[in-house]
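One-letter residues, chain by chain:
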Amino acid sequence: MSTLVLCVDRSNDVGAKTGAAMPVAGWEAVRSLVTDVGLADPEDASVNCLLEALRVTRELTDGGDDATVAVVSGGADSRVNADRAIARQIDELIERYAPDSAIVVVDSAEDERVVPIVESRVGVDSVDRVVVRQARDIESTYYLLKQFLGDEEMRETVLVPLGVALLVLPALAIQFSPQIAMAGLASLLGAVLLYKGLAIDDRLENTPEQVREALYSGQVSVVTYAVGAGLALVGAFLGGLSATEASSEPVLIQFVLFVYDAVPWLALAALTASAGRLVDERIRDDGLSSPVLNLPFGVVAVGLVIRGFAGYFLEQQTDVPNLTLSLWVTEITFEPGQRLVGFIVAGIVVSLIGVRVASHVTDEVEEESVAEESELEQS
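Residues numbered from 1 in each chain as written. Predicted model: local features only at pLDDT ≥ 70, side-chain atom pairs only at ≥ 80, totals over all residues. Heavy atoms only, no water.

Visitor: Outline the packing of helix α2 (residues 27-40) against helix α3 (residues 46-62), supporting the account with residue identities and numerical values.
Guide: The contact between α2 and α3 brings their axes to 9 Å, and the two run at 155°. Relative to α3, α2 is oriented roughly antiparallel. The element α2 and its partner α3 pack so that their crossing is left-handed. Taking contact as the criterion, the partners of W27, V30, R31, L33, V34, V37 and G38 in α2 are, on α3, V47, L50, L51, L54, T57 and R58. Residue composition of the contact of α2 with α3, by class: 9 nonpolar, 2 polar and 2 charged. (Axes fitted to C-alpha atoms, helices over the stretch in contact; angles between N-to-C directions. Helix = DSSP H or I, 4+ residues; strand = E, 2+ residues; numbered from the N terminus. Parallel < 35°, antiparallel > 145°, perpendicular 65-115°, else oblique. Left-handed = near helix turned anticlockwise from the far one by under 90°. Contact = heavy atoms within 4.5 Å. Nonpolar A, V, L, I, M, F, W, Y, C, P; charged D, E, K, R; others polar.)

Okay, here's the thing in structure tokens:
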């Protein structure tokens with residue numbers, strides 16, 4: 001089977017830079033032409049196109065085909081005359097080699113427009129498009145876009161959010177002001193970027209399977225996580241009520257009130273969830289690691305510190321009543337600075353207790369492991 005590997009240069013870059021008479025056919029002639037074009041302009045994408053034509057020819061020859069590589073170029077001042085010149089060169093090559101089929105190699109969208117001319121004279125089995133990675137020519141964008149649209153994952157990541165944004169934008173613009181519409185669109189795109197950038201989709205992909213395994217295995221943490229979620233919702237609800245009741249106050253004060261009332265419940269929620277994890281590890285008898293043991297104490301310590309700072313900020317606002325600490329039936333009022341220091345000290349103390357407990361338990365586990373290994377060696 002005779003195949004003509006045709007490198008197309010519609011803009012006549014090759015002919016203008018080398019002065020070679022077109023068409024150029026044959027392995028040695030085209031390889032010499034590559035050197036001449038490369039020396040004349042190393043940044044020209046035609047060099048890669050010529051090399052690709054040589055590579056395709058070598059593969060066909062190694063496979064047993066009778067392949068001939070050739071270069072055609074449009075050498076006129078207008079597109080019509082350039083296409084006619086290419087047509088004449090193709091007729092000359094067909095008359096000389098009588099190919100059964102052709103493979104067209106191009107490096108730009110302009111060169112690809114010549115494919116119908118080739119098809120009108122000989123059957124085209126394939127069109128090989130060369131995209132130079134480091135090319136700064138805008139023409140390479142055409143092929144990069146085609147490769148991008150051919151990648152299913154990239155389409156889902158980029159085109160789907162853009163499509164949803166374009167659908168939502170008119171609805172928002174009709175219902176609200178243009179500023180609100182643009183703000184909503186920016187928030188939507190930002191959420192999508194964070195969703196993909198933080199790989200949340202990868203983490204959520206295995207969540208149903210993990211939940212199913214946890215339910216089937218009877219893990220205590222499943223229940224404690226559910227309780228923790230409920231406590232967190234309670235904290236958010238109570239914090240929202242406090243912020244709503246202080247609607248006459250500045251937004252900053254409302255936010256601090258929300259934090260002040262929500263933090264104890266959020267800390268209790270995290271404490272409940274971490275306790276379930278501790279129980280699960282203890283049941284599995286895998287040994288309790290220091291991070292797991294430190295987690296409950298760390299949660300309580302952080303909750304104390306945040307609540308202390310929130311109370312301090314609220315007490316600086318004259319319109320907000322002074323905060324008091326209820327101890328049994330007695331209410332003790334503290335100065336803002338004293339209250340803040342007390343909460344900070346309590347947080348540090350709880351954190352140090354957690355470190356001490358974790359270290360003690362870890363040492364005991366290591367000693368038990370060493371003792372078991374010694375007994376096994378002795379037996």
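Past the structure itself, the notes keep going.
Visitor: Could you give an account of the UniProt feature "transmembrane region" (unreviewed entry) in the protein chain, with specific residues and numbers?
Guide: Feature annotation in UniProt places "transmembrane region" (unreviewed entry) on residues 157-174, 180-199, 220-239, 251-271, 292-314 and 340-358, given in this structure's numbering. Within residues 251-271, the helical portion is 100% and the strand portion 0%, while the C-alpha atoms at the span's ends are 30 Å from each other. (UniProt positions renumbered as here; feature names shortened; annotations may be inferred.)

Visitor: So, the environment of K196: which residues are in play, and what are the values?
Guide: If you trace the backbone, K196 turns up in helix α9 (residues 178-197). Taking the relative accessible area as the measure of exposure, K196 reaches 33% and is therefore partly exposed. Considering only alpha carbons, one finds K196 and T157, 39 residues apart in sequence, at a separation of 7.7 Å. (Buried < 20%, exposed > 50% of the residue type's maximum accessible area, 1.4 Å probe, protein only.)

Visitor: Talk me through unusual backbone geometry; I want residue IDs and the actual numbers.
Guide: Residue M22 is joined to P23 through a cis peptide bond whose omega torsion reads 0°. Along the chain, the position of P23 falls in the loop between α1 (13-18) and β2 (24-25). A positive phi angle, close to 50°, is found at A98, a residue other than glycine. As for its position among the elements, A98 is in the loop between α4 (79-97) and β4 (101-106).

Visitor: Kindly report on the pattern of salt bridges, identifying the contributing residues and their values.
Guide: Two side chains that carry opposite charge are able to pair once their charged atoms sit near each other. Evaluation of the coordinates by the stated rule reveals 8 salt bridges. Between D83 and R10 there is a salt bridge, with its nearest N and O atoms 2.9 Å apart. A residue pair is termed long-range when its members are at least 10 positions apart, and D83 in helix α4 and R10 in the loop between β1 (2-9) and α1 qualify at 73 residues. Residue R10 is classed as buried on the basis of its relative accessible area, which comes to 9%. A salt bridge links K17 to D41; its shortest N-O distance comes to 2.7 Å. Taken together, the residues K17 in helix α1 and D41 in the loop between α2 and α3 connect sequence positions 24 residues apart. Its relative accessible area of 33% is what places K17 among the partly exposed residues. Taken together, the shared-partner salt bridges in this structure form one network comprising E52, R55 and E59. (Salt bridge = Lys/Arg side-chain N within 4 Å of Asp/Glu carboxyl O.)

Visitor: Just give me the short version of the packing of aromatic side chains, but keep the residues and values in it.
Guide: Aromatic ring pairs are described here by two measures, namely the spacing of the ring centres and the angle between the planes. Scanning the entire structure with this criterion turns up 2 aromatic pairs. Both rings, one in F309 and one in F313, keep their centres 6.3 Å apart while their planes meet at 40°; by these two values the pair is tilted. Taken together, the residues F309 and F313, both in helix α14 (residues 290-315) and 4 residues apart, mark about one turn of the helix. Overall, the relative accessible area of 46% leaves F313 in the partly exposed class. Among the aromatic residues, those joined into a cluster by ring pairs are F309, Y312 and F313. Between R307 and the ring centre of Y260, over which it is positioned, the NZ or CZ distance is 3.8 Å. (Phe/Tyr/Trp six-rings, centres within 6.5 Å; stacked < 30°, edge-to-face > 60°. Lys NZ or Arg CZ within 6 Å of the ring centre and 35° of its normal.)

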